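Report on the structure
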Amino acid sequence: MMLTVEQVMASQKATLETLLGLTSKAFEGVEKIVELNLTASKAALAETGETAKAFLSAKDAQELLALQSGLLQPLAEKTAAYSRHLYDIATGSTAELNKAFEGQAAEAQQKFMGLVDNVAKNAPAGSESAVAVMKSAVAAASNAMESVQKAVQQATEVAEANFNAVSATAVNAAKPAAKKR
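Computed from a predicted structure; not experimentally measured. (Residues numbered from 1 in each chain as written. Predicted model: local features only at pLDDT ≥ 70, side-chain atom pairs only at ≥ 80, totals over all residues. Heavy atoms only, no water.)

With respect to the overall build of the chain
Looking only at helices and strands, one finds 3 helices and 0 strands in the chain. Taking contacts inside the chain between residues at least 6 apart in sequence as the whole, the part at least 24 apart equals 76%. Accessible area for the chain stands at about 13,200 Å²; split by element, carbon and sulfur atoms hold 65% of it. (Helix = DSSP H or I, 4+ residues; strand = E, 2+ residues; numbered from the N terminus. Contact = heavy atoms within 4.5 Å. Areas by Shrake-Rupley, 256 points an atom, 1.4 Å probe, with all protein chains shown as cover.)

In structure tokens form, the structure reads like this:
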């Protein structure tokens, strides 16, 4: 069975729309990261000015040490919050791209299975085993894809748990350091 010009054009159009959609999602992620960095930079600049004024107005070394130790905890918390926000943007963008890819893969698999079924209907007598082997290969590939997706999901969950643990440890480590001074 041969594909018609209309089928080829429809396939090309769908592929182009998918590519444009994925590109748009990727740019949205970049925009969010740029916005996060601009916001963090503005806040850091403002805080640096306030900190410099506070340090210049310190009357003695003890007050200077108190100011310095008071900065550690908020800095650790802000760093953890920034990292968390950055991580959320990255995982959100990845999830959207994966969802789009999974949808396209499922659609492509359906179309391919439809083609295999169509070939099977029009196949000459005695070719049933070849068609069965082809269907089996498609099913095996689909199962392999699902296994990979599950492994990626599990790895993502482990990475997120580790990220959360490291962030919490960093913030908690800054608390005693700030209190010791």
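Let's talk about a nonpolar patch on the surface
Taken together, the side chains of Leu16, Leu19 and Leu20 present a nonpolar region at the surface, about 310 Å² in accessible area. Positionally, Leu20 belongs in helix H1 (residues 5-56). (Patch = residues over 30% accessible without salt bridge, like charges linked within 9 Å, V, L, I, M, F, W, Y side chains within 5 Å. Salt bridge = Lys/Arg side-chain N within 4 Å of Asp/Glu carboxyl O.)

Describing the pattern of salt bridges
One pass over the full model with this rule turns up 2 salt bridges. Where Lys78 meets Glu47, a salt bridge forms, and the shortest distance between an N and an O atom there is 2.8 Å. Here Lys78, found in helix H2 (residues 61-122), pairs with Glu47, found in helix H1; they are 31 residues apart in sequence, far enough to count as distant. Judged by its relative accessible area of 33%, Glu47 is partly exposed. Arg84 is the salt-bridge partner of Asp88, the closest N and O atoms lying 3.2 Å from each other. Here Asp88 pairs with Arg84, and both are found in helix H2, just 4 residues apart, close to one helical turn. (Buried < 20%, exposed > 50% of the residue type's maximum accessible area, 1.4 Å probe, protein only.)

A look at the confidence of the model for the chain
Chain-level pLDDT for the chain is 77 on average; 86% of the residues reach the 70-or-more range. The secondary structure element of the chain with the lowest average pLDDT is helix H3 (residues 128-180), at 71, and the one with the highest is H1, at 84. (pLDDT = per-residue confidence, 0-100.)

Focus on H1
Over its 52 residues, H1 runs 76 Å from end to end, which matches the ideal 76 Å to within 8%, given 1.5 Å per residue. Along H1, the positions that sit buried rather than exposed are Thr18, Gly29 and Leu36. (Expected span 1.5 Å × (residues − 1).)

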